[in-house]
Amino acid sequence: MVHWTAEEKAAIAAVWKEVDVEADGHETLARVLIVFPWTQRYFSSFGDLSCATAILANPKVKAHGKRVLSALGGAVKNIDDIKHTLAHLSEVHAEKLHVDPQNFKLLANCLVIVLARKLGARCTVPCHAAWEKFLAVVCAALSKHYH
Ligand code: HEM
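Report on the accompanying structure. The shown structure was predicted, so the numbers you read here are calculated from the model rather than taken from an experiment.

What counts and what doesn't
Residues numbered from 1 in each chain as written. Predicted model: local features only at pLDDT ≥ 70, side-chain atom pairs only at ≥ 80, totals over all residues. Heavy atoms only, no water. 1 Å grid on protein atoms, 1.4 Å probe; cavity = no way out; pocket = protein on both sides within 12 Å on 5 of 7 lines; lining within 4 Å. Points joined across faces, edges and corners; volume = space filled by probe spheres on them. Helix = DSSP H or I, 4+ residues; strand = E, 2+ residues; numbered from the N terminus. Nonpolar A, V, L, I, M, F, W, Y, C, P; charged D, E, K, R; others polar. Buried < 20%, exposed > 50% of the residue type's maximum accessible area, 1.4 Å probe, protein only. Arc of directions from axis to C-beta. Contact = heavy atoms within 4.5 Å. Near = heavy atom within 4 Å. Polar contact = N/O pair within 3.5 Å; in protein donor to acceptor, adjacent residues only side chain to side chain. Sits in = over half its atoms within 2 Å of the grid points. Phe/Tyr/Trp six-rings, centres within 6.5 Å; stacked < 30°, edge-to-face > 60°. Patch = residues over 30% accessible without salt bridge, like charges linked within 9 Å, V, L, I, M, F, W, Y side chains within 5 Å. Areas by Shrake-Rupley, 256 points an atom, 1.4 Å probe, with all protein chains shown as cover. Salt bridge = Lys/Arg side-chain N within 4 Å of Asp/Glu carboxyl O.

Under the criterion given, the structure shown has 1 cavity of 30 Å³ or more. In this structure, the largest cavity spans a volume of roughly 60 Å³. Along the walls of the largest cavity sit V15, V112, L115, L119, C123, C127, H128 and W131, which together make up its complete lining. Secondary structure elements with two or more residues in the lining of the largest cavity: α7 (102–119) and α8 (125–143). Residue composition of the lining of the largest cavity, by class: 7 nonpolar, 1 polar and no charged.

Okay, structure coming up:
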């Protein structure tokens, strides 16, 4: 069972209020595909991912980024039970999509950068730490079905 301090919970909730699942989800997934190009192999059905401009303009990347961040919103709302909240998604990524769980960390990494850019000076050290912890718990929950 993960322990959360009141400050950590407050930091996660406060930042989430500012998240735009569509725009920030789009930027996060686009960064994953551009910065870590080998991740593109999972998205062969998405059409043109040939360069950064194509990825950023791709409507499927945009729609899927929103879907990913919306799922993350479920984990924010159920912060005390992330493992169960994401259990089905873990199964889908493992059994159906065969996504290497290392990739979850790449997405978390990109999301932290998107949030940091958005928050600027408000991305304080405790806030950054709370988000790294939250995303580590999310990645562990999504990786659960692989063990
Ligand atoms: C599908 C969430 C990370 C690859 C999905 C779906 C959700 C989701 C909600 C739709 C599932 C369904 O149709 O039932 C997440 C979350 C992630 C994450 C919350 C991390 C925080 C990743 C990563 C990759 C990935 C890192 C690969 C690099 C895929 C693929 C699909 C998918 C290929 C199917 C897309 C399609 O064809 O529509 N994900 N995902 N996911 N995810 Fe993830």
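So, on to helix α6 (residues 87–96). One full turn of an α-helix is made of 3.6 residues, so residues set three or four places apart face in the same direction. Restricting attention to buried positions, one finds in α6 the residues S90, H93 and A94. Along α6, the residues classed as buried sweep out an arc of 90° about the axis, all on the same side. Residues of α6 that are exposed and angled more than 90 degrees away from the buried face: H88, E95 and K96. Of the surrounding secondary structure, the elements contacted by the buried residues of α6 are α7 and α8. Looking one or two residues beyond α6, the residue adopting positive phi is H98, at roughly 55°.

Our next topic: the site of the ligand. Neighbouring the ligand are 18 residues, the closest being Y42, H64, R67, H93 and N103. H64 is positioned with one of its side-chain polar atoms (N or O) 3.5 Å from a nitrogen atom of the ligand. Within the side chain of H93, one N or O atom sits 2.9 Å away from a nitrogen atom of the ligand. Structurally, the ligand is housed in the largest pocket. Partitioning the shell around the ligand into residue classes produces 12 nonpolar, 5 polar and 1 charged.

Moving on, we come to the packing of aromatic side chains. Within a pair of aromatic rings, the relevant descriptors are the distance that separates the centres and the angle that separates the planes. Scanning the model with the defined rule gives 5 aromatic pairs in all. Taking the centre distance of 6.5 Å and the plane angle of 50° together, the rings of W4 and F134 count as tilted. Within this pair, whereas W4 is found in the segment before α1 (6–18), its partner F134 is found in helix α8, the two being separated by 130 residues in sequence. You can call W4 buried: its relative accessible area is 7%. In this structure F134 comes out as buried when scored by relative accessible area, which is 0%. For the pair F104 and Y146, a centre-to-centre distance of 6.3 Å together with 70° between the ring planes defines the contact as edge-to-face. Of this pair, F104 sits in helix α7 while Y146 is found in the segment after α8, placing the two residues 42 residues apart along the sequence.

Turning next to a nonpolar patch on the surface. The grouping of I34, V35 and L56 at the surface amounts to a nonpolar patch, some 240 Å² of accessible area in total. Residue classification places L56 among the partly exposed residues on the basis of a relative accessible area of 46%.

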